[in-house]
Amino acid sequence: MAADLSARLLAAVAAVVLVAACKPLAGKPAPDLPVPPPDPVVIQPAPTTAPPTTSLLPPTSVTSAPTSATATIKPTTSKTAAPPGALAPGAVPAPGQVGFRGDRQRLKVVDGPASAPPGTEWNEGALRFGGGNVTLEGVWVKGGVEYSGHGTLTIRGSVIEGNHRSWSPLMAISGHVDVRDSTITYKDDQIPGPQWGNGVIHGDARMTLIRNDISGAPDGIQNGRGDSLIEQNHIHGMRVFGSPPNNTHNDGIQAYGGPNLKIRNNRIDISVNGLAYDGAHQNGAIFVMPSAENPAKNLEVTGNYLAGGGYILRLGTPLSGAIIKNNRFGPTKGGWGEVLLDGGGIAQWSGNTDAAGKPVRQP
């Protein structure tokens, strides 16, 4: 009995330690954002013909769409159908099954001031937007994207590669970001310095994230608002930096509360070298960290494959109306278990299984 109590106390202390330093440093872009044109900014997809054989790189010019074209863009009501050959609705993606899956050489490259579209700014490694609606389609941004507008940033069939000069590969400060069938990653040999805590997709915007490949930063998605849908994404390859006490605390999804966050049918794996927890870096595949000012209401975590973390699923308080159903957990080697619940708040719990296919009891 004493040994069992000691083990539980050790796990509880370790869980508290894992929380430390998890909250990200929110990036404050500077200088001020440029004033955009009155019409939505649209980056047209690359032409379907292959680039000339004499060129090793795709064209870097980016132009605004004609006025007549902007009226047909309705990012908030875009179809959700997957591209041909992609996974079926309701399925959990296998590695390589989501994200941008075409020929990158056919994408338009945005990699500096010369290729930044009108109404935007290239700020030392980030393409920045303010204002209203913006659409990026068929582009390869070799740097981060920052959106602080009041409309919708729509990204389709594109590649975004953040680097150490960007706060996050995708900094979603406000408004709504709707990203589908795209690859969002951190790609740089240099560590991101004080931005250690930032996610690949990070911010207080309302988020619609569907069929994306998300990798390369300490955290996958950080959401501070709720009212978001995260569905059929593959979140993996979280970067680990530093050693205790100055080290990353990796999460696949870290949510700071808010209502109606739906996390459905994703593959989230933050394990490293077969370990759910290496003793320092992995916090949780999903970590819900609400506060009294921003409680988590009506959270839905259904149909996901979840792996990695001291506890794979961590649910903080205050939490109410949570639905946790039909999730499959990966191995817990190196960690303490599948689920840690700080308080009550689970309304439905069913169909959740461990790595051996056995039911995981409601905490």
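What you see is a predicted model; the values in this text were computed from it and never measured. (Residues numbered from 1 in each chain as written. Predicted model: local features only at pLDDT ≥ 70, side-chain atom pairs only at ≥ 80, totals over all residues. Heavy atoms only, no water.)

**A closer look at the overall build of the protein chain**
Summing up its helical and strand segments, the protein chain has two helices and 34 strands in all. Evaluated residue by residue, the protein chain yields a buried proportion of 52% over its 363 residues. For the protein chain, the accessible area works out to roughly 15400 Å², and carbon and sulfur atoms hold 55% of it. (Helix = DSSP H or I, 4+ residues; strand = E, 2+ residues; numbered from the N terminus. Buried < 20%, exposed > 50% of the residue type's maximum accessible area, 1.4 Å probe, protein only. Areas by Shrake-Rupley, 256 points an atom, 1.4 Å probe, with all protein chains shown as cover.)

**With respect to the pairing of strand β9 (residues 159-162)**
Residue alternation in β9 divides its side chains into two sets, Val159 and Glu161 and Ile160 and Gly162, and both sets are buried. Looking at chain direction, strand β6 (residues 139-141) and β9 are connected through two bridges and run parallel. Residue Trp140 lies in a different strand from β9, and its bridge partner there is Val159. Relative to strand β12 (residues 183-186), β9 runs parallel, the two being bridged by four bridges. Looking at β12, one finds that Ile160 is bridged to Ile184. (Pairing = 2+ DSSP bridges.)

**A look at the sheet that holds strand β2 (residues 108-110)**
Strand order in the open sheet formed by nine strands is β2-β6-β9-β12-β15-β18-β24-β28-β32, with parallel pairing between adjacent strands. This sheet does not close on itself; its edge strands, each paired only once, are β2 and β32 (328-329). Where β2 and β6 come together, three bridges link them in parallel fashion. Of the residues in β6, the one forming a bridge with Val109 is Trp140.

**Some details on the nonpolar core**
Within the largest apolar cluster, 55 residues are counted, with the highest numbers of intra-cluster contacts made by Leu153, Ile201, Ile221, Ile286 and Leu299. Ignoring sequence-local partners within four residues, the contact set of Leu299 consists of Leu261, Ile263, Val288, Leu315, Leu319, Ser320, Gly321, Ala322 and Ile323. Listed in part, the five residues of the second largest apolar core include Phe100, Val109, Trp140 and Val159. (Core = buried A, V, L, I, M, F, W, Y, C linked by side-chain atoms within 4.5 Å. Contact = heavy atoms within 4.5 Å.)

**Thoughts on the confidence of the model for the protein chain**
Considering every residue of the protein chain, the mean pLDDT works out to 81; 75% of them sit at 70 or more. Throughout residues 1-41 the model reports pLDDT below 50, and contacts reaching past four residues in sequence, or to other chains, amount to 75 contacts. The low-confidence segment residues 43-80, where pLDDT is below 50, has 60 contacts with residues more than four positions distant or belonging to other chains. (pLDDT = per-residue confidence, 0-100.)

**Quick look at the environment of Gly321**
Counting through the fold element by element, Gly321 comes out in the loop between β30 (319-320) and β31 (322-325). Note on Gly321: relative accessible area 28%, which makes it partly exposed. When the C-alpha positions of Gly321 and Lys297 are compared, they lie 5.9 Å apart, and in sequence the two are 24 residues distant. The contact partners of Gly321, leaving out residues within four places of it in the chain, are Asn298, Leu299, Gly345 and Ala347.

**Quick word on the pattern of salt bridges**
If you walk through the whole model with that rule in mind, you get ten salt bridges. One salt bridge in this structure joins Lys187 and Glu161, with 3.9 Å as the shortest N-O distance. In this pair, Lys187 is assigned in the loop between β12 and β13 (199-203) and Glu161 in strand β9, connecting sequence segments 26 residues apart. Overall, the relative accessible area of 54% leaves Lys187 in the exposed class. A salt bridge links Asp181 to Arg211, with the nearest nitrogen and oxygen atoms 2.7 Å apart. Note that Asp181 is positioned in the loop between β11 (176-180) and β12 and Arg211 in the loop between β14 (206-210) and β15 (213-215), a separation of 30 residues in sequence. Overall, Asp181 belongs to the buried group, its relative accessible area being 14%. (Salt bridge = Lys/Arg side-chain N within 4 Å of Asp/Glu carboxyl O.)

**Topic: the sheet that holds strand β22 (residues 258-259)**
The pairing of strands in a sheet happens through backbone hydrogen bonds and is either parallel or antiparallel. Taken in spatial order, the three strands line up as β22-β26-β30 in an open sheet, and their pairing is parallel. Each of the sheet's edge strands pairs with one partner strand only, and the pair in question is β22 and β30. Of the pairings in the sheet, the one linking strand β26 (residues 296-297) to β30 comprises two bridges and is parallel in character. In the sheet register, Lys297 faces β30, and the bridge partner there is Ser320.

**Describing the packing of aromatic side chains**
On inspection of all chains with the given rule, the structure shows two aromatic pairs. Residues Tyr277 and Trp336 carry aromatic rings whose centres are separated by 5.2 Å and whose planes lie at 40° to one another, so their mutual orientation is tilted. On the criterion of sequence distance, the pair formed by Tyr277 in the loop between β24 (267-269) and β25 (282-288) and Trp336 in the loop between β32 and β33 (337-341) is long-range, its members being 59 residues apart. Each residue in the set Tyr277, Tyr311 and Trp336 is aromatic and connected to the rest through ring pairs, giving one cluster. Over the face of the ring belonging to Phe287 we find Arg314, whose NZ or CZ atom lies 4.8 Å from the ring centre. (Phe/Tyr/Trp six-rings, centres within 6.5 Å; stacked < 30°, edge-to-face > 60°. Lys NZ or Arg CZ within 6 Å of the ring centre and 35° of its normal.)

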